[in-house]
Amino acid sequence: MNVHGLEFPDSLRYAPEHSLWLREEADGSVTLGLTAYGCALYGEIFAFTPKRVGARIERERSFGVVEFAKAASSARSPVSGELLAVNEALLERPALINQDCYGDGWMVRLKPEGWATVREEFPLGKAAEAAIDERMRLDNFDPANAHVQALQWK
């Protein structure tokens, strides 16, 4: 799906208020990554510093810090769980997030608590379009703004 020129794969779940995507893995874990909209908001990412593997991550608490052009921001988890893996490639090449946010630029993998009861809070694919559009509206997102470093898909 495409929202205001930004791509959002239909196969993923979304947490629009966090600008994150969630992918359910076969082993029951959930992989998290920044959406194309998150990349547009942050611009060029210079560093990603995740929490350590094995850490307990509470919902709405940080799983890492993203550093970009003149600031840094905590990446907040939309779910509670144990941090199972971090994308080690991002430690050396954080720009992978901007270059391939839905692929090689994934950020962390969690073993979520109570996933069966919370998974429906994160709409899948096209069902997330209205929530993503609303988040962009609330943020006054303007894809035509020259300062937006978005992953534009034509």
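Just so it is clear, the model here is predicted, and its values are computed rather than measured.

Asker: Quick question: what am I supposed to make of the overall build of the protein here?
Answerer: Check the secondary structure of the protein and you find five helices and eleven strands. Relative to the 2.2 N^0.38 estimate, which gives 15 Å for 154 residues, the radius of gyration of the protein is 14 Å and therefore close to what a compact globule would have. Each principal axis of the C-alpha distribution contributes one length, and for the protein these read about 40 × 35 × 25 Å. In the protein, which comprises 154 residues, the proportion classed as buried is 49%. Here the contacts in the protein between residues at least 6 apart in sequence split such that 63% fall between residues at least 24 apart.

Asker: Would you explain the UniProt feature "domain: Lipoyl-binding" (unreviewed entry) in the protein in this entry?
Answerer: With numbering aligned to this structure, UniProt lists the feature "domain: Lipoyl-binding" (unreviewed entry) at residues 29–111. Each end of residues 29–111 is marked by a C-alpha atom, and these two atoms are 5 Å apart; helix forms 18% of the span and strand 43%.

Asker: Looking at this structure, I do not really get the environment of Gly28. What am I missing?
Answerer: Secondary-structure assignment places Gly28 in the loop between strand S4 (20–24) and strand S5 (30–34). Here the alpha-carbon distance between Gly28 and Trp115, two residues 87 residues apart in the chain, equals 8.6 Å.

What counts and what doesn't
- Residues numbered from 1 in each chain as written.
- Predicted model: local features only at pLDDT ≥ 70, side-chain atom pairs only at ≥ 80, totals over all residues.
- Heavy atoms only, no water.
- Helix = DSSP H or I, 4+ residues; strand = E, 2+ residues; numbered from the N terminus.
- Rg over C-alpha atoms; globule rule 2.2 N^0.38 Å.
- Buried < 20%, exposed > 50% of the residue type's maximum accessible area, 1.4 Å probe, protein only.
- Contact = heavy atoms within 4.5 Å.
- UniProt positions renumbered as here; feature names shortened; annotations may be inferred.

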